[in-house]
Amino acid sequence: MKSLKYKIFLLFVSILLIVQGITFYALYTTNKSQEATEVNSRLTSAKTIFTELFKRRIEYLSAFTAITAKENNIIKVFVDGSIHHLLIALNNQRQEIDTDLAMSITSDGLITGQLQRELVSNIDNSIEDSNFYNKINRGVEVGEQFRYPNWFESTQTSHIYVIDGLYYQASISPVVYRGKKIGWLVFGFEINQRLANEFKSVTGLQTEFVLKEGQQSFLTASSEQHIQNFSLQKKLNLTSAIDEQRLPDDFIGTSAVLTRFEDRELVVYMYSLKENIISMIEEQWWPLLMLAILTLIASLTSAYFIAASISRPINRLVKHAKVIASGHFQQNITFKEKNEIGQLANEFNHMQVALLQREEAITRLANHDLLTDLPNRHRLNEFLVGLKDDHFMMLHLNLSRLKDVNATLGYDVGDLVIQALASRLQKISEQQHVQFLVHLGADEFILIVDTMEVSEVSAQVNKELEEIFSFQGISLQLQVRMGIALYPEHTTDVTKLVQMADTALHHTRNTGSLVQMYQPELDVNTVERLSLINDLVKAIPANQFELYFQPKLCMTSRKVKHVEALVRWKHPTLGMIPPDNFISIAEKTGQIEALTRWVFTAALIQCKKWNELGLEINMAINISAENLKEPDFYDFVCYTMHEQNISHSQVTLEVTESSVVGDTAAAIQLLSKFKDYGLKISIDDYGTGYSSLAQLKQLPVHELKIDKSFIQRLEKDVDDQIIVRSTIDLAHNMGLKVVAEGIEDEYSLSWLSDYACNYVQGYFISRPKPASELTPWLLNPPSFEKTDYQI
């Protein structure tokens, strides 16, 4: 479990990290914005500076050319026509502004003079200015016609002139003598690496000069390149990317058109790696990062000590709370601090006193009953542990007729009666032979007494209860029933001893007696019943049920055409269990629905098998009162018969009298639907229920089934003969057939035949048999011809 100090420290750390994160995010966002601003500013400044310098360069060249064309010495050499003097004059003028090209052209366009400056390196592959010297060469176009005569009339101040792959930024100006143009002067600067380097040194960006003619581009000059493996093609690709605004993320760049004439234009491209621009900005991060780290370390250290200072007194309180939790309430805790922690310590001390008082009260409540203040069941269990080596008698007492008192006078009076009984029992507990008195709750008490005669202890209890209890003029005689169990005669397990005394007490309720000593046979049915309840839930899925079939003999034809389906439970440990032992359990636990449906389906499946053998047998199936309450039971019956292809005339539903007593109208309605569907309805165990003749008249039944209790004593009991004969006559007069069950001798069979009973069944005809045994019997039945038995 994480400590409070750790949680406080974690809280401080979380706050610091959040603050630092927000700060760094703000700085990072600002830095990125600054980077973008710096990049845009650098590009804009570079473009502005370059454009301004290049423009001044052009203006300077144009002005120089125009001024030179007006100088007298130039005009004079043009008029004289001396080529030697002309070249000297051109070179002198060129040197004034250090141009790379000087040309003279006659009025008819013939080039009479052409000088080109060549930079020659003293050191191979060197590009430093100090390693170059000038070499003036005579141009190769002397004596040829000027290639661009249209320049003579152009107002453009700057042109691009190409000689043997060298590109010049040229300016042309006419030489006028006495108002007549006698020739032209051309001066120009070469667009070369030297020029590109000059602009690179000013703008800080890589500079490329590209001449575009139509769709073609020519790299005329490039500044010194420090990027490795940067070929000519890569440079051109980069310039195209600048035009299309699709530069790679790690580059920045811009461009400007320097001069445009016809289909040619000179474009300058300036670019650089982005990291070269933003590296200075990123360097500013290191001091900030170091400062942040130092701040974080200092903050964390402070947070740790603050958390420790807060948690230290709380840890003392935690330790003291553990002392209190262990049950030690005498030790107090003191704090010198007068702050909230000190107040909390004082409250701890007050809490200890309150806890002690409450624990004492809780202990008493846990061991005593609230109503009578007598020891309760929990205290009884503790007491019995110490009596394991003794001989004693346990009396489980129950106050009689308390429910009547509660219903008549109210629960408050009932509580007074219980308190009065407790008071009188306490007088008994004061006697020497009484060891302990317990109030289990409600109207139940337990007395632990020395072993003595049951009559003696019963007399002592009754003596104390002789006095009448009076309430508002109403006199009540207190009476108790008692169940008794002996230790160790009945058991050495004190827990089971309480159960045995309770079992004996429960038996007094069933028998009406006031005193019952425990006997082992009292709880046999209870244990077996509980076992059956638990096992019944698993019986159907485990396929533990089996159908037996008992034949019904037709007294007219002396043949068997009817059988009754009887369910048997093949319990895995208890063996074969008859239906009387589990049908009532199934009804009370809600299992009867599934059980009846299993029986009905299995019976129809067997009926179908007999049909296939040529045995057309009517199947009688028992249904309970609970089945008549199921909303879909009728649909189930119809669906199952249709699924098994069983004729309606082959099924008889047997219901008991008690099934229709509870809700006669609903039962009659459902049975009528079955009758209309073609099924036969039989009243089972007739004569044992509470149905009246009026109800019998309303029931949509086809036959009555006389209970075996009236049949089994026919030979000896005249009253039974009268009842059975009257029932047969009554049924026949109402148009009903009669079935008698329990035929166990020839006398009963003959007697019933003489009085026109329609069907009989019983052990004399055949015991219930599984289908595997009954099928051969049905195929070859014994003879039941009428004999001359004398009744």
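For the structure itself, look to the data block above.
What counts as what
- Residues numbered from 1 in each chain as written.
- Predicted model: local features only at pLDDT ≥ 70, side-chain atom pairs only at ≥ 80, totals over all residues.
- Heavy atoms only, no water.
- Helix = DSSP H or I, 4+ residues; strand = E, 2+ residues; numbered from the N terminus.
- Buried < 20%, exposed > 50% of the residue type's maximum accessible area, 1.4 Å probe, protein only.
- Areas by Shrake-Rupley, 256 points an atom, 1.4 Å probe, with all protein chains shown as cover.
- Salt bridge = Lys/Arg side-chain N within 4 Å of Asp/Glu carboxyl O.
- Pairing = 2+ DSSP bridges.
- Axes fitted to C-alpha atoms, helices over the stretch in contact; angles between N-to-C directions.
- Contact = heavy atoms within 4.5 Å.
- Patch = residues over 30% accessible without salt bridge, like charges linked within 9 Å, V, L, I, M, F, W, Y side chains within 5 Å.
- Core = buried A, V, L, I, M, F, W, Y, C linked by side-chain atoms within 4.5 Å.
- Nonpolar A, V, L, I, M, F, W, Y, C, P; charged D, E, K, R; others polar.
- Phe/Tyr/Trp six-rings, centres within 6.5 Å; stacked < 30°, edge-to-face > 60°.
- Parallel < 35°, antiparallel > 145°, perpendicular 65-115°, else oblique.
- Left-handed = near helix turned anticlockwise from the far one by under 90°.

Engineer: Just checking my understanding: could you explain the overall build of the protein for this structure?
Structural biologist: When helices and strands are counted, the protein shows 24 helices and 27 strands. Split into buried and exposed, the 791 residues of the protein put 45% on the buried side. In the structure as shown, the protein presents an accessible area of about 42700 Å², 52% of it carried by carbon and sulfur atoms.

Engineer: How should the pattern of salt bridges be read in this particular structure?
Structural biologist: Where side chains of opposite charge bring their charged atoms close, a pairing between them can arise. Counted according to the given criterion, the structure contains 18 salt bridges. Of the charged contacts in the structure, one is a salt bridge between R117 and D98, with a shortest N-O distance of 2.2 Å. Linking R117 in strand 2 (residues 111-121) with D98 in the loop between helix 3 (83-97) and strand 1 (101-106), this pair joins segments that are 19 residues apart in sequence. Residue R117 is classed as buried on the basis of its relative accessible area, which comes to 6%. Overall, the relative accessible area of 32% leaves D98 in the partly exposed class. A salt bridge links R364 to D373, with the shortest nitrogen-to-oxygen separation between them at 2.8 Å. A relative accessible area of 40% means that D373 is categorised as partly exposed.

Engineer: Quick question: what am I supposed to make of the sheet that holds strand 16 (residues 480-487) here?
Structural biologist: Strand-to-strand pairing in sheets goes through backbone hydrogen bonds, with the strands running parallel or antiparallel. Taking strand neighbours across the sheet as the criterion, the 5 strands line up as 12-13-11-16-17 in an open arrangement whose pairing is mixed. Each edge of the sheet is formed by a strand with only one pairing partner; in this case those strands are strand 12 (434-441) and strand 17 (515-517). Strand-to-strand twist in this sheet, taken as the mean axis angle between neighbours without regard to direction, amounts to 20°. Two strands pair when backbone bridges link them, and strand 16 and strand 17 are joined in this way by 3 bridges, in the parallel orientation. Residue pairing for strand 17: G483 is matched across the bridge by Q516. Along the sheet, helix 9 (residues 377-385) makes contact with strand 11 (392-399), strand 12 and strand 13 (444-450), crossing strand 12 at roughly 145°.

Engineer: Help me understand a nonpolar patch on the surface, please; the structure alone is not making it clear to me.
Structural biologist: Residues W286, L289, M290, I293 and I297 make up a contiguous nonpolar surface patch of about 500 Å² in total accessible area. Along the chain, the position of W286 falls in helix 7 (residues 285-325). W286 gets classed as exposed once you look at its relative accessible area, which sits at 59%.

Engineer: I would appreciate a short explanation of the nonpolar core in the present structure.
Structural biologist: Generally speaking, nonpolar side chains in soluble globular proteins are found buried as a group. Formed by 78 residues in total, the largest nonpolar core has its most connected members in W610, F674, L752 and V760. Once you skip the residues sitting within four places of it in the chain, L752 turns out to touch M555, I711, L714, V724, I728, A740, I743, C757 and V760. Core analysis: the next-biggest nonpolar cluster, separate from the first, contains 31 residues, I428, V434, F445 and V449 among them.

Engineer: In this structure, what is going on with the environment of L266? I would like to understand it.
Structural biologist: Of note, L266 is situated in strand 10 (residues 264-273). In this structure, the C-alpha to C-alpha distance between L266 and F218, residues 48 residues apart in sequence, is 9.6 Å. Setting aside its immediate chain neighbours within four residues, L266 contacts I160, I191, F209, V210, L211, T220, A256, V257, L258 and T259.

Engineer: Any chance you could explain the packing of helix 10 (residues 402-409) against helix 11 (residues 411-429) here in plain terms?
Structural biologist: If you want to describe how two helices pack, look at the angle between their axes and the distance between the axes. Viewed as axis vectors pointing N to C, helix 10 and helix 11 meet at an angle of 140°, and their least axial separation amounts to 7 Å. When helix 10 is examined against helix 11, the residues L402, V405, N406 and L409 are found in contact with a partner set consisting of Y411, V413, G414, V417 and I418. Here the contact of helix 10 with helix 11 is composed, by residue class, of 7 nonpolar, 2 polar and no charged.

Engineer: Hey, could you run me through the packing of aromatic side chains in this one?
Structural biologist: Centre-to-centre distance and the angle between the planes together describe a pair of aromatic rings. Considering all chains together, one arrives at 23 aromatic pairs under this definition. Ring geometry for F146 and Y148: centres 6.0 Å apart, planes at 80°, overall edge-to-face. Take F146: its relative accessible area is 5%, and that puts it in the buried class. Ring centres of W151 and Y161 lie 5.8 Å apart, and the angle between their planes is 70°; this geometry places the pair in the edge-to-face category. In this pair, W151 is assigned in the loop between strand 3 (132-138) and strand 4 (159-163) and Y161 in strand 4, connecting sequence segments 10 residues apart.

Engineer: Where do I start with the packing of helix 18 (residues 633-644) against helix 20 (residues 664-677) in this structure?
Structural biologist: Look at helix 18 against helix 20: their axes get within 10 Å of each other, and the N-to-C directions meet at 20°. Classified by the angle their axes make, helix 18 and helix 20 are roughly parallel. Considering only the axes of helix 18 and helix 20, their crossing is right-handed. Residues F633, Y634, V637, C638 and M641 of helix 18 touch helix 20, and the partners they reach there are L670, K673, F674 and Y677. Residue composition of the contact of helix 18 with helix 20, by class: 8 nonpolar, no polar and 1 charged.

Engineer: Even after reading the chapter, I still don't get unusual backbone geometry, so can you show me in this structure?
Structural biologist: Apart from glycine, the bulk of residues carry a negative phi angle, and the bulk of peptide bonds sit in the trans form. In this model, Y487 is joined to P488 through a cis peptide bond whose omega is 5°. For P488, the location among the structural elements is in the loop between strand 16 and helix 13 (494-511). A positive phi angle, near 60°, is found at D373, a position not held by glycine. Here D373 is to be found in the loop between helix 8 (340-367) and helix 9. In this structure, N645 takes a positive phi of about 60° despite not being glycine. Tracing the sequence through the fold places N645 in the loop between helix 18 and strand 22 (651-656). Given the relative accessible area of 64%, N645 is considered exposed.

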